[in-house]
Amino acid sequence: MDSAVSEAAAVAEPSVTAETTAAPAAPARTAAGIPAQPTAAGLISGSGTGTSPGSGPDPEDGARDWQLDHSRAPVATKVVVAGGFGVGKTTFVRAISEITPLQTEALMTQASEETDDLTATPDKLTTTVAMDFGRITLDDDLVLYVFGTPGQQRFWFMWDDLIRGAIGAIVLADTRRLTDCFPALDYFESCGLPYLVAVNHFEGTERYAVSDVREALTVPERVPVVIMDARKRYSVVETLLAMVEHSLQATPE
């Protein structure tokens, strides 16, 4: 009887084998002795440590196709917006930027009364002292970084740094004071950077034809001239597209 009970207990109790008593396998190590880390592909597919299948980017989160394609990256280009004081450069960048624009606005004081003419813009209280910066995605693989230059002559020394790497420039003009954009036109002509002239049409001002503006500024035919409104996003987009097209034609390589 006792021998039968002992045999039954032996059958019910799991046997201890080499497989069940073996220690967990040590993680694979690199040549330096550091445990190997899961690869990016493993993390995205869920095969890596600490992830679950399907934990990678979800197209339904609003990401675009090119953002999910790790084999390619968007082409980043740079455009400069220049012109005279108070012509609308800051407004241009603010209207187009898909991110919160970087602005270096400073309050105007009595110290600038003799140098900054506010006749055309009496309500202007601030001025750009360094640059404006914004970004816009024009296409799936084309991102524009837009830099606005300061307009006053005392800040022109920054222009050489701001145009570095730019594919082109936009010179904003106000028909009430066209002479204010002459320094910018001369600058881009001398440095050879492709540019176009964008007439920022202010409310209450006379609207001139493109041919009249071209003649008044003595701009050559190879330079595009457009009429736009720096406050309206669609108008700024059209101006940027015209700038990119002109830059590609001027420097196809």
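Here goes a summary of the coordinates provided. (Residues numbered from 1 in each chain as written. Predicted model: local features only at pLDDT ≥ 70, side-chain atom pairs only at ≥ 80, totals over all residues. Heavy atoms only, no water.)

Here we come to the overall build of the chain. Across its full length, the chain carries 9 helices and 7 strands. Taken over 253 residues, the chain has a buried fraction of 36%. Within the chain, contacts between residues at least 6 apart in sequence are counted, and of these 69% link residues at least 24 apart. Surface exposure of the chain reaches about 15,300 Å², of which carbon and sulfur atoms provide 55%. (Helix = DSSP H or I, 4+ residues; strand = E, 2+ residues; numbered from the N terminus. Buried < 20%, exposed > 50% of the residue type's maximum accessible area, 1.4 Å probe, protein only. Contact = heavy atoms within 4.5 Å. Areas by Shrake-Rupley, 256 points an atom, 1.4 Å probe, with all protein chains shown as cover.)

A few words on the packing of aromatic side chains. The tally for this structure, following the rule as stated, stands at 4 aromatic pairs. When the centroid spacing of 5.0 Å and the interplanar angle of 55° are considered together, the rings of phenylalanine 133 and phenylalanine 147 count as tilted. Taken as a pair, phenylalanine 133 in strand β3 (residues 126-139) and phenylalanine 147 in strand β4 (residues 142-148) lie far apart in primary sequence, 14 residues in all. On the accessibility criterion, phenylalanine 147 (15% relative accessible area) is buried. Centre to centre, the rings of tyrosine 187 and phenylalanine 188 are 5.4 Å apart; their planes meet at 80°, and the pair counts as edge-to-face. Phenylalanine 188 shares its class with tyrosine 187; the two are buried. Grouping aromatic residues by their ring pairs yields a cluster made of Phe133, Tyr145 and Phe147. Geometry around phenylalanine 147 places lysine 78 over its ring, the cationic atom sitting 4.6 Å from the centre. (Phe/Tyr/Trp six-rings, centres within 6.5 Å; stacked < 30°, edge-to-face > 60°. Lys NZ or Arg CZ within 6 Å of the ring centre and 35° of its normal.)

A word on the environment of serine 190. When you line up the elements, serine 190 lands in helix α7 (residues 182-191). A relative accessible area of 61% places serine 190 in the exposed class. Engagement of the side chain of serine 190 in a polar contact is seen with the backbone oxygen of tyrosine 187, the distance being 2.7 Å. (Polar contact = N/O pair within 3.5 Å; in protein donor to acceptor, adjacent residues only side chain to side chain.)

Here we take up the pairing of strand β5 (residues 168-173). In regular strands, side chains alternate between the two faces of the sheet. Counted residue by residue, β5 has 6 buried out of 6 residues, so it is predominantly covered. Residues Gly168, Ile170 and Leu172 point to one face of β5 and Ala169, Val171 and Ala173 to the other, with burial holding for every one of them. Sheet topology places strand β1 (residues 75-83) next to β5; 5 bridges connect them, and they run parallel. Across the sheet, glycine 83 pairs through a bridge with leucine 172, a residue of β5. Judged from the 5 bridges that link them, β5 and strand β6 (residues 195-200) form a sheet pairing that is parallel. Paired with alanine 173 across the bridge in β6 is valine 199. At this point the chain moves from β5, through α7, to the parallel β6, and the crossover so formed is right-handed. (Pairing = 2+ DSSP bridges. Right-handed = clockwise from strand over helix to strand, strands pointing away.)

With that settled, the discussion passes to helix α5 (residues 89-96). Burial runs high along α5: 6 of the 8 residues are buried. For α5, the complete set of buried residues consists of Lys89, Thr90, Phe92, Val93, Ala95 and Ile96.

All right, on to helix α9 (residues 233-250) then. Along its 18 residues, α9 runs 26 Å from first to last C-alpha, staying within 8% of the 26 Å computed at 1.5 Å per residue. By the burial criterion, the buried members of α9 are Ser235, Val236, Val237, Thr239, Leu240, Met243, Val244, His246 and Ser247. (Expected span 1.5 Å × (residues − 1).)

On to unusual backbone geometry. Its identity is not glycine, yet threonine 218 carries a phi of approximately 50°, on the positive side. By the secondary structure assignment, threonine 218 is in the loop between α8 (210-217) and β7 (225-228).

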